[in-house]
Amino acid sequence: MEKMPFRDAQAVTDLEAVIAAARAASATTTSDWRKALPVLTGSMVTLRELRLSDAPSLLAMLSTEEVARFISPPPTTIEGFERFIAWTHRERAAGNYVCFAVVPHGMDTAIGIFQIRQLEPGFGTAEWGFAIGSAFWGTGVFVDGAKLVIDFAFDVIQTHRLEARAAVLNGRGNAALRKIGAVQEGVLRKSFLRNGEYLDQTLWTILDEDWRSAKAFVGVRIH
Ligand SMILES: CC(C)(COP(=O)(O)OP(=O)(O)OC[C@H]1O[C@@H](n2cnc3c(N)ncnc32)[C@H](O)[C@@H]1OP(=O)(O)O)[C@@H](O)C(=O)NCCC(=O)NCCS
């Protein structure tokens, strides 16, 4: 959600259609991600399509001050998250964007999200972002989910350059990106408006060739 294109002002009026689309999309495994996202399984988490029923959990997990501090303001109500979830389905169907729910094994609802949006048609260059409830920070859930979503970006949607932006002040976010193997390319000065203040952001990238080489070489840092 950090500087991703969703705006809650896009109110959805046809709730029945939204619910039908969400049901059709949920829990489906398919190779055509535009129709429905595949279910990706790691050692700690499952990544799957968001469901409307994730809205209360996402509100509780992502609306806290510590999670939201350096990202675009999340919705503030369950209905707002339902509209966000419906928007993710429409953007995925349009082929512009994907958003995975992070569901720890043994749980049924989302405790965070991973997003990827295309920065050019066809996702050659894409940007990813993530947010996880603070109860799950430092547990390994981030790294487990990140590996799945990076593989998805390079292997399924054919990204070759995966960018991430993190506010320079976001020590945890920057350290997480470094840990997963992203390379710091520079600082985007005053590029992120948050709480009425423009913040500097660090630009991080992972290239498909680097990711595959790292995996081939035992992947000391990422596997
Ligand atoms: C970013 C996020 C998904 C990472 O998940 P996480 O579980 O916290 O990540 P991890 O614990 O695996 O890794 C974070 C690392 O930052 C380190 N760290 C924590 N606070 C730090 C700080 N202030 N400065 C530098 N490093 C810090 C941790 O020690 C850890 O490194 P280690 O595993 O080598 O000890 C999670 O913190 C989050 O959702 N944050 C809020 C939303 C957000 O900022 N999203 C990112 C936008 S780019």
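Rules used in this analysis
Residues numbered from 1 in each chain as written. Predicted model: local features only at pLDDT ≥ 70, side-chain atom pairs only at ≥ 80, totals over all residues. Helix = DSSP H or I, 4+ residues; strand = E, 2+ residues; numbered from the N terminus. Buried ≥ 20, exposed ≤ 12 C-beta atoms within 10 Å, placed from the backbone. Contact = placed C-beta atoms within 7 Å. Pairing = 2+ DSSP bridges. Core = buried A, V, L, I, M, F, W, Y, C linked by C-beta atoms within 7 Å. Near = placed C-beta within 6 Å. Axes fitted to C-alpha atoms, helices over the stretch in contact; angles between N-to-C directions. Parallel < 35°, antiparallel > 145°, perpendicular 65-115°, else oblique. Nonpolar A, V, L, I, M, F, W, Y, C, P; charged D, E, K, R; others polar. pLDDT = per-residue confidence, 0-100.

J.: Help me understand the overall build of the protein, please; the structure alone is not making it clear to me.
T.: For the protein, the helix and strand inventory stands at seven helices and eight strands. By residue count, 40% of the 223 residues in the protein fall in the buried class. When contacts within the protein are restricted to residue pairs at least 6 apart in sequence, long-range pairs at least 24 apart make up 63% of them.

J.: Would you explain the pairing of strand E2 (residues 45-49) in this entry?
T.: In the case of a regular strand, side chains alternate between the two sheet surfaces. Within E2, five of the five residues are buried, which leaves it mostly tucked inside the rest of the structure. In this sheet, E2 lies alongside strand E1 (residues 40-41) in antiparallel orientation, the contact comprising two bridges. Residue pairing for E2: Leu40 is matched across the bridge by Leu47. The antiparallel hairpin formed by E1 and E2 contains three residues in its connecting segment. Alignment of E2 against strand E3 (residues 97-104), held across five bridges, turns out to be antiparallel.

J.: Honestly, the nonpolar core in this entry has me stumped. Any pointers?
T.: Soluble globular proteins: nonpolar side chains tend toward being buried together. With 56 residues, the main nonpolar core has Phe100, Val102, Ile113, Trp128, Val149 and Ala153 as its most contacted residues. Ranked by residue count, the leading element in this core is helix H5 (residues 141-155), at nine residues. Those residues in contact with Phe100 that sit more than four places away from it in its chain are Leu37, Leu47, Arg48, Ile113, Phe114 and Val149.

J.: Just checking my understanding: could you explain the site of the ligand for this structure?
T.: Taken together, the neighbourhood of the ligand is formed by 21 residues, with Trp137, Phe142, Ala166, Gly171 and Ala175 sitting nearest. Put simply, the parts of the chain that give the shell around the ligand at least two residues each are strand E5 (125-132), H5, strand E6 (161-167) and helix H6 (171-180). With six residues, H6 is the largest single contributor of residues to the shell around the ligand.

J.: Would you mind showing me how to read unusual backbone geometry here?
T.: Note: most residues except glycine have negative phi, and most peptide bonds are trans. One non-glycine residue, Gln158, adopts positive backbone phi at about 65°. Examined against the element boundaries, Gln158 turns out to sit in the loop between H5 and E6.

J.: Whenever I open this one, the environment of Leu37 confuses me. Can you help?
T.: By the element assignment, Leu37 lies in the loop between helix H1 (15-25) and E1. For Leu37, a count of 26 C-beta atoms within 10 Å gives the class buried. A C-alpha to C-alpha distance of 9.2 Å links Leu37 and Leu50, two positions 13 residues apart in sequence. Discounting chain neighbours no more than four positions away, the residues touching Leu37 are Arg48, Glu49, Arg92, Val98 and Phe100.

J.: Help me understand the packing of helix H2 (residues 55-62) against helix H4 (residues 78-93) in this model?
T.: Helix-helix packing: each pair is described by the crossing angle between the helix axes and the interaxial distance. At a closest axis distance of 8 Å, the pairing of H2 and H4 adopts a crossing angle of 110°. Between H2 and H4, the interaxial angle falls into the category roughly perpendicular. Residues Ala55, Pro56, Leu58 and Leu59 of H2 lie in contact with H4, whose contacting residues are Ile78, Phe81, Glu82 and Ile85. Partitioning the contact of H2 with H4 into residue classes produces seven nonpolar, no polar and one charged.

J.: Could you clarify how one ought to interpret the confidence of the model for the protein in this entry?
T.: Detailed reading of predicted coordinates is not advised where the pLDDT is low. Within the protein, residue pLDDT values average 90, and 85% of them lie at 70 or more. A low-confidence stretch, residues 10-30 stays under pLDDT 50, and its non-local contacts, those more than four residues away or across chains, total 26 contacts.

J.: Sorry if this is basic, but what is going on with the environment of Asp155 here?
T.: Inspection of the secondary structure assignment puts Asp155 in helix H5. A residue is classified by how many C-beta atoms lie within 10 Å of it, and Asp155, with 12 of them, is exposed. A sequence separation of 53 residues divides Asp155 from Asp208, and the C-alpha atoms of the two residues are 8.7 Å apart.

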